[in-house]
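# Residue-level structural notes
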Amino acid sequence: MIDIVHGQNFWQNAYILYNAETKDAILIDPGKVDNQIEDYVRANKLIIRAIINTHGHGDHVGGNAHYKALYKVNIYAHIAEKSNHRTKDITTFFEEDQLPIIEGFKELKFYHIPGHTSGSIAIHIEDILVTGDTLQKEGIGSTPNKTTEEDEKYTKMEINSIKTKLMILPDTTLVYPGHGYETSIGYERKNNDWLE
């Protein structure tokens, strides 16, 4: 996890998911250009194979163009995010039945969790779950720029997707959100009032 500061008291979590043996790596949600990312990749001799966006809000995609050019890799996001995505001109969008194939990550799974945005996703491999702005410690993603009626609709949609796709994972699954601190499925099962 790399904390990227976007302003006073506001930061966003970018992630580098990698295989310690092969050094294959994925950069998730590079919110802006940040030396911490490049320093970590260099220090650990990682090979960035792809960039994945959990959704298209600016604080999660601000570094896309820079890192796409630097590492010469594709950027991936869910097709439902296309209309909201700030870097759609350089992003490859995937559908449920045509998931991206990323070298070194055959076991990677994607869960579509609409609500915070139409194309929000969570990324899962082994006991690691990167949730973007959907599932957070004791919370869920907001539904920005929605009317009261839309907020209720999209919040219900998000909660249902979290319950049916994420909360069925083992309690020991570690959850890494787009903002704030890491948690686990087991902790959220007991402490997240949104999921009662």
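Structure: above.
The rules behind these values
Residues numbered from 1 in each chain as written. Predicted model: local features only at pLDDT ≥ 70, side-chain atom pairs only at ≥ 80, totals over all residues. Heavy atoms only, no water. Phe/Tyr/Trp six-rings, centres within 6.5 Å; stacked < 30°, edge-to-face > 60°. Helix = DSSP H or I, 4+ residues; strand = E, 2+ residues; numbered from the N terminus. Buried < 20%, exposed > 50% of the residue type's maximum accessible area, 1.4 Å probe, protein only. Lys NZ or Arg CZ within 6 Å of the ring centre and 35° of its normal. Pairing = 2+ DSSP bridges. Contact = heavy atoms within 4.5 Å. Axes fitted to C-alpha atoms, helices over the stretch in contact; angles between N-to-C directions. Expected span 1.5 Å × (residues − 1).

### Overview of the packing of aromatic side chains
For the structure shown, the criterion picks out four aromatic pairs. When the ring of Tyr-15 is compared with that of Tyr-176, the centres are 5.8 Å apart and the planes differ by 70 degrees; the resulting orientation is edge-to-face. Here the residue Tyr-15 occupies a position in strand β2 (residues 10-18), and Tyr-176 occupies one in strand β12 (residues 174-177), the gap between them amounting to 161 residues. Summarising the burial analysis for this pair, Tyr-15 and Tyr-176 share the class buried. Aromatic pair Phe-94 and Phe-110: ring centres 5.1 Å apart, planes at 50 degrees, arrangement tilted. In this pair, Phe-94 is assigned in strand β6 (residues 92-94) and Phe-110 in strand β7 (residues 109-112), connecting sequence segments 16 residues apart. Lys-137 extends its terminal NZ or CZ atom over the ring of Tyr-187, reaching a point 5.3 Å from the ring centre.

### Quick notes on the sheet that holds strand β9 (residues 128-132)
Hydrogen bonds between backbone atoms are what pair the strands of a sheet, whose relative direction is either parallel or antiparallel. Spatially, five strands are ordered β7-β8-β9-β12-β13 in an open sheet, and the strand pairing comes out mixed. Strands with a single pairing partner mark the edges of an open sheet, and in this sheet they are β7 and β13 (183-184). One ladder, built from four bridges, connects β7 with strand β8 (residues 121-125); its direction is antiparallel. Counted as the bridge partner of Phe-110 is Ile-123 from β8. Each of β7, β8 and β9 is contacted by helix α4 (residues 148-166), which is oriented at about 150 degrees to β7, the strand it contacts most.

### Looking at the environment of Gly-132
Positionally, Gly-132 belongs in strand β9. On the basis of relative accessibility, which here comes to 1%, the residue Gly-132 falls in the buried class. Sequence-distant contacts of Gly-132, defined by excluding residues within four places in its chain, comprise Asp-29, Thr-54, Tyr-176, Pro-177 and Gly-178.

### Some remarks on α4
In this model α4 runs 26 Å from its N-terminal to its C-terminal C-alpha over 19 residues, within 8% of the 27 Å that 1.5 Å per residue would give. On its buried face, α4 is in contact with β7, β8, β9, β10 (135-136), β11 (139-140) and α5 (185-191).

### Some remarks on unusual backbone geometry
Phi is positive for Asp-29, close to 55 degrees, though the residue is something other than glycine. Secondary-structure assignment places Asp-29 in the loop between β3 (24-28) and α1 (35-43). The class of Asp-29 is buried, set by a relative accessible area of 2%.

### Section: the sheet that holds β3
Taken in spatial order, the six strands line up as β1-β2-β3-β4-β5-β6 in an open sheet, and their pairing is mixed. Bordering the open sheet on either side are β1 (2-7) and β6, each of which pairs with just one other strand. Each strand axis lies, on average, 30 degrees off the axis of its neighbour in the sheet, ignoring direction. Across the sheet, helix α3 (residues 64-71) is in contact with β3, β4 (47-52) and β5 (75-78); its angle to β4 comes to roughly 150 degrees.

Taken by themselves, the reported measurements are silent on function.
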